[in-house]
Amino acid sequence: MISIKRPYIENENGKSRLCAEIAIAPEIYEKWKKQIGSRREYAGYEKAYSYGKDKFQLWYEVEDRSEQILCQERTDAFVVAVLYFAMVTGEDIEYEGVLSNELYHNLNTNLIPMHCNERSGLKPIRIIGRTESRKIESLDKNGTGVSRGVDSFDTIFTYLAENMDAEHRLNCLTVFNVGSYNNMPDLRARKTGMMTLDEYNEKAENFFSHDVEKGRQIAKELGTDFIAVNSNINSLYQGVFLELHGYSNSSAVLAVQKLFSHYYYSSAGEPEKARWGVEEDASDNVQFFSTESLQFYLARENVTRIEKIQHISQHETGRKRLHVCCDETENCGKCGKCFRTLLILELIGKQPEFKESFKDTSAYEKKGWKKYVWVLDKKDQDFFAKDIYEYIKREKMKIPMIAKAYHYTLPVRKVIHAIRGDWKG
């Protein structure tokens, strides 16, 4: 059993925190470590994961002047925060205080049965506690995250469009520190003992502070409000994020649900997941985190990555502030996300217009015809590569013959890389 105490607010050093004590027994932590450590992508996680006493304080932090938006009247944020942990370990959740009745119904009737099956390995659990149907009074803001990525900017410009009705028009941008900054390079360092948990979280905090400043600048440019929420939720999950970003981000929204009436969660290609065998996660079903007073939407789920970038290219803020890099605070021009974004920009004829976002494209330019090899090699495995390949065919563009010829050596290259032990699939 995972137990959640009644939420409360603490004020210190110009910050306000919504807090709750979470009780998790050592044997439950051990189950979590074993389950996550058994996944290939988390090899070494079991050894690196650390925990303290049976109880720890989970918190969500805002500036003091924003204390009134912290929702201590509901335990919603904390139940959603630990839900993935509970389903991995098969432990029921018991909570003090009250849960929004709509959220309680959505989780028990829809989300938990939908996600807990043999394929996912998640276990059905019970959520035990009192519920309340009364609406929480809010400031009726409409929010979305400003990660500065493709999905984020596409959602922002969609809900800021002149023809958007006033009730749903975007008027608040957010930045949350709930695990996304504990990225894979740092996770690898953590798993190999090169980085302590404190160092790991401190580096994430620095990335978060950088994005808060950038988010404020963009909100000012676009004429919206801005809110940043810090959290220590990564002390529970310690680098596991891709599978649970829907849970952790939504928990931060619920922590400040007295601010919002609508929240737009940017889609990252959810409809394509089932077609490609990618595991479903909570971002597919964020509507199930809705309460009586707050409605979640999965934004722009049927729009392709290329269509989103074409949309962003129509807006100056998007052209000069797009950030897709998974390794650096500015676009490195070398990583996989930078590469595929630059390739799309080149194909749609917009790369020069994004020179403020991609200041150094030399590594990409050096690839020459080899940039097309990735598309050909991955088009049957990666839905982003498939999207690009179909665009090339649809627009009757030419792929260099040398790239096609090199692609046909893929079986041989697989054998060579397998022998060397560096094949990435």
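Remember, predicted model here, so these are calculated numbers, not experimental data.

**Considerations on the side chain of Thr 174**
In this structure, Thr 174 sits in strand 8 (residues 172-177). One polar contact links Thr 174 to Tyr 263, side chain to side chain, over a distance of 2.7 Å. When sequence neighbours within four positions are dropped, the list of residues in contact with Thr 174 reads Thr 144, Gly 145, Val 146, Phe 226, Ile 227, Phe 260 and Tyr 263.

**What to know about the pattern of salt bridges**
With the rule as written, the count across this model stands at 20 salt bridges. The partner of Arg 126 in a salt bridge is Asp 92, and the shortest N-O contact between them spans 3.0 Å. Note that Arg 126 is positioned in the loop between helix 4 (101-115) and strand 6 (127-132) and Asp 92 in the loop between helix 3 (76-89) and strand 5 (93-100), a separation of 34 residues in sequence. Accessibility expressed as a relative area gives 51% for Arg 126, which makes it exposed. The salt bridge involving Lys 350 is made with Glu 353; its shortest N-O contact spans 3.6 Å. Note on Lys 350: relative accessible area 26%, which makes it partly exposed.

**Thoughts on helix 13 (residues 336-347)**
With 12 residues, helix 13 should reach 16 Å at 1.5 Å per residue; the first-to-last C-alpha distance of 17 Å fits that figure. With nine of 12 residues buried, helix 13 is to be regarded as a mostly interior element. Among the residues of helix 13, those classed as buried are Cys 338, Phe 339, Arg 340, Thr 341, Leu 342, Leu 343, Ile 344, Leu 345 and Leu 347. Its buried side turned inward, helix 13 meets helix 11 (305-312), helix 14 (362-367), helix 15 (370-378) and helix 16 (383-394). Directly beyond the C-terminal end of helix 13, a positive phi value near 75° is found at Gly 349.

**A look at the nonpolar core**
Of all hydrophobic cores here, the largest spans 74 residues; its most connected members are Trp 32, Tyr 60, Leu 83 and Phe 85. Per-element accounting of this core gives the leading share, 12 residues, to helix 3. Beyond its immediate sequence surroundings of up to four residues, Trp 32 is in contact with Tyr 45, Tyr 49, Tyr 84, Phe 85, Val 88, Thr 89, Leu 236, Tyr 237 and Val 240.

**What to know about the layout of surface pockets**
Rolling a probe over the atoms, with the probe sized like a water molecule, indicates the empty space that remains. By volume, the second largest pocket is sized at about 440 Å³. Along the wall of the second largest pocket there are 24 residues; nearest its centre are Glu 63, Arg 65, Arg 216, Ile 227 and Ala 228. Contributing elements (two or more residues each) for the lining of the second largest pocket: strand 4 (55-63), helix 7 (197-222) and strand 9 (225-231). Of the residues in the lining of the second largest pocket, the class split is 11 nonpolar, four polar and nine charged.

**Side note on the pairing of strand 4**
Regular strands place their side chains on alternate faces of the sheet. In terms of strand pairing, strand 3 (residues 15-23) meets strand 4 through nine bridges, oriented antiparallel. Following the sheet pairing, Arg 17 is matched in strand 4 by Glu 61. Where strand 4 meets strand 9, two bridges bridge the pair, whose relative direction is antiparallel. When the sheet's bridge partners are listed, Tyr 60 is paired in strand 9 with Ser 231.

**Quick look at the packing of aromatic side chains**
On inspection of all chains with the given rule, the structure shows 25 aromatic pairs. With a centroid separation of 6.3 Å and an interplanar angle of 75°, the aromatic rings of Phe 289 and Phe 296 are classed as edge-to-face. For Phe 289, a relative accessible area of 0% puts it in the buried group. Residue class for Phe 296 comes out buried when judged on its relative accessible area of 1%. When the ring centre of Phe 384 is taken as reference, the NZ or CZ atom of Arg 340 above it lies at 3.9 Å. The ring of Phe 339 has Lys 367 sitting right over it, with the charged end atom 5.4 Å from the ring centre.

Procedures and definitions
Residues numbered from 1 in each chain as written. Predicted model: local features only at pLDDT ≥ 70, side-chain atom pairs only at ≥ 80, totals over all residues. Heavy atoms only, no water. Helix = DSSP H or I, 4+ residues; strand = E, 2+ residues; numbered from the N terminus. Polar contact = N/O pair within 3.5 Å; in protein donor to acceptor, adjacent residues only side chain to side chain. Contact = heavy atoms within 4.5 Å. Salt bridge = Lys/Arg side-chain N within 4 Å of Asp/Glu carboxyl O. Buried < 20%, exposed > 50% of the residue type's maximum accessible area, 1.4 Å probe, protein only. Expected span 1.5 Å × (residues − 1). Core = buried A, V, L, I, M, F, W, Y, C linked by side-chain atoms within 4.5 Å. 1 Å grid on protein atoms, 1.4 Å probe; cavity = no way out; pocket = protein on both sides within 12 Å on 5 of 7 lines; lining within 4 Å. Points joined across faces, edges and corners; volume = space filled by probe spheres on them. Nonpolar A, V, L, I, M, F, W, Y, C, P; charged D, E, K, R; others polar. Pairing = 2+ DSSP bridges. Phe/Tyr/Trp six-rings, centres within 6.5 Å; stacked < 30°, edge-to-face > 60°. Lys NZ or Arg CZ within 6 Å of the ring centre and 35° of its normal.

Read these as layout, nothing more, since geometry by itself doesn't imply function.
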